[in-house]
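The residues making up each chain are set out below.
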Amino acid sequence: MAATVLCRAVGVVTPLVLIPVMLAELGPNLYGLWAAVGALTAMAAFADLGLGNGLMTRLAPCFATGDTARARRYVSSAYVLLTGIAVLILLCLWSALPLVPWSGLIGADGPAGAEAEPFMLACLTAFVVNVPLSLVVRVQFAYQQVAQSNLWQALGGLSAVPLVLLAVHVDMPPVGVVTASVTGPVLTNLLTSCWVYGRALPQLRPRLRAADRGEARELVALGGLFFLLTIVMSVANNADSLLIAHVLQMRDVTDFAVAARLFAQVGILVSLVNVPLWTANGDALARGEIDWVRRTSRRMTIVSSSMAVVLGGGLVFAGGPLLGAWAGIRLEGGGLLLAGLACWWVLLAAMSPCFMVQNAAGVIRPQLLGWTAYLAVSIPLKWYAAGRYGVAAVPITGALVYLLTVVPGALHGYRAVLNDPAATAKETD
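No experiment lies behind these values; they were computed from the predicted model shown.

A. How the structure looks around the overall build of the chain. The helix and strand tally for the chain stands at 19 helices and 0 strands. Out of the 429 residues in the chain, the part that is buried amounts to 51%. The long-range fraction of contacts in the chain, counting pairs at least 24 apart against all pairs at least 6 apart in sequence, stands at 84%. Accessible surface, the chain: about 18,400 Å² in total, of which carbon and sulfur atoms supply 67%.

If you want it as structure tokens, here you go:
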């Protein structure tokens, strides 16, 4: 865990370097457009149909029992499925691109509207290509190579810096700069795959002939609820920039996006600490070690919440001057905006260990109901609050709605797993 946080801290340097560079190169309007396009692209995170999460859940028992043959079938089946899906999506994207009014969809007009289509094409293409490539991260986590995985991701994240600086240096157009910024994850996962399947875990190297229909159906069935949950969470967590773009102005999107990007580093650290518990909880539940799960979840809730409070509180007090010196941003009502973002991440940090227990047991419905309620309630309330009180009201409203919708579902699902582990174990078999 310490090695993972240390390695990922290197990756935090990337946005700290890139945001001022891209803001200066693109200007406030085009940067706001890029943030809105990025939010729309992030909503497509469900494109793997939940297969990544299903693969990680299924591989953990294979690792524990040493069943390499079955693990290879799972890995190969997942790659065959997702590669086919990625090819199909790219064909549809490139064919339908001229038919979609991207500028109106994003809420951009003027010079920013003219760049909406190429920005969208660059971001979506990179995202779709990365869908099958990102499976290697799930394989590493399932096989207890968490530190190595995050080392690759951190180093790969830094690769975006020279790519963007090179694009700026050769005076590429705005779409070239944006393309350079989204290429890093694709190259990172490609190189990681070569290393993992070439040297670290060659026994799991995906092969077309190793793909199996039975394992493929099993992964699709297990990933179904993960798929639905990811759709709802992706839309709920990435709608803010688009909402602000429609209700307010692109400069407000820039203010929110830059501040949110700064606070997102808190979320990255919280995720790095908690996600490895997914497979560990699965192992413990299979062995009936409920006390270990309960004790560890309680400790990790304290660790995650404390981390978010300390880091988030520090950004509330220092965020305004930091954003001014870092990116030249002068936030209007900045204190409220930063406080709202801090509250949001503290709540997510506190609930993260509960979600890891439910994910390990395959108990997804309580999370799905909570996030669906959050999405249905938060969007209209954020729309009204942003128009009446400004951009700072968006994260504050989100935190309040999260407390009333997602938190009760998270606690209910967590108790259900611990009170009846035998039933939840059957659900994942």
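B. Molecular detail of the packing of aromatic side chains. Following the criterion strictly, the structure yields 9 aromatic pairs and no others. Taken together, a centroid distance of 5.8 Å and an interplanar angle of 80 degrees make the contact between Tyr79 and Tyr197 edge-to-face. Residue Tyr79 is located in helix H4 (residues 68-96), and its partner Tyr197 is located in helix H11 (residues 174-200); the two are separated by 118 residues in the primary sequence. Note on Tyr79: relative accessible area 12%, which makes it buried. Residue Tyr197 is classed as buried on the basis of its relative accessible area, which comes to 6%. Relative to Tyr402, the ring of Trp371 has its centre 5.5 Å away and its plane inclined at 70 degrees; by these criteria the two rings are edge-to-face. Pair noted here: Trp371 is in helix H17 (residues 365-389) and Tyr402 is in helix H18 (residues 393-419), with a separation of 31 residues, a long-range link. The exposure class of Trp371 is buried, given its relative accessible area of 2%. We classify Tyr402 as buried; its relative accessible area is 0%.

C. Broad picture of the environment of Val128. Considering the arrangement of structural elements, one finds Val128 in helix H7 (residues 116-133). The spatial distance from the C-alpha of Val128 to the C-alpha of Ile89 is 7.3 Å, given a sequence separation of 39 residues. Excluding residues that lie within four positions of it along the chain, Val128 makes contacts with Ala86, Ile89 and Leu90.

D. Spatial organisation of the environment of Leu16. By the secondary structure assignment, Leu16 is in helix H2 (residues 13-42). Remark: the alpha-carbon pair of Leu16 and Leu262, spanning 246 residues in sequence, is separated by 8.1 Å.

E. A nonpolar patch on the surface, seen in detail. Together, Leu166, Val170 and Met172 make up a nonpolar patch on the protein surface, roughly 260 Å² of accessible area in all. Looking at where Leu166 falls in the secondary structure, it is placed in helix H10 (residues 160-169).

F. Looking closely at the pattern of salt bridges. In this structure the tally under the stated criterion is 6 salt bridges. Between Glu218 and Arg70 there is a salt bridge, with its nearest N and O atoms 3.7 Å apart. Here Glu218, found in helix H12 (residues 213-247), pairs with Arg70, found in helix H4; they are 148 residues apart in sequence, far enough to count as distant. Residue classification places Arg70 among the partly exposed residues on the basis of a relative accessible area of 31%. A salt bridge links Lys382 to Asp240; its shortest N-O distance comes to 2.8 Å. Taken together, the residues span a long stretch of sequence, with Lys382 in helix H17 and Asp240 in helix H12 at a distance of 142 residues.

G. Just the side chain of Ser378, in detail. Note that Ser378 resides in helix H17. Side-chain polar atoms of Ser378 contact the backbone oxygen of Tyr374, separated by 2.7 Å.

H. Just unusual backbone geometry, in detail. Phi is positive for Asp171, close to 60 degrees, though the residue is something other than glycine. Assignment of secondary structure puts Asp171 in the loop between H10 and H11. Since its relative accessible area comes to 62%, Asp171 is described here as exposed.

I. Structural context of the packing of H12 against H17. The N-to-C vectors of H12 and H17 enclose an angle of 5 degrees; their axes lie 9 Å apart at closest approach. Taken together, the axes of H12 and H17 are roughly parallel relative to one another.

Reading the values: rules and limits
Residues numbered from 1 in each chain as written. Predicted model: local features only at pLDDT ≥ 70, side-chain atom pairs only at ≥ 80, totals over all residues. Heavy atoms only, no water. Helix = DSSP H or I, 4+ residues; strand = E, 2+ residues; numbered from the N terminus. Buried < 20%, exposed > 50% of the residue type's maximum accessible area, 1.4 Å probe, protein only. Contact = heavy atoms within 4.5 Å. Areas by Shrake-Rupley, 256 points an atom, 1.4 Å probe, with all protein chains shown as cover. Phe/Tyr/Trp six-rings, centres within 6.5 Å; stacked < 30°, edge-to-face > 60°. Patch = residues over 30% accessible without salt bridge, like charges linked within 9 Å, V, L, I, M, F, W, Y side chains within 5 Å. Salt bridge = Lys/Arg side-chain N within 4 Å of Asp/Glu carboxyl O. Polar contact = N/O pair within 3.5 Å; in protein donor to acceptor, adjacent residues only side chain to side chain. Axes fitted to C-alpha atoms, helices over the stretch in contact; angles between N-to-C directions. Parallel < 35°, antiparallel > 145°, perpendicular 65-115°, else oblique.

Shape is all these values report; function is a separate question.
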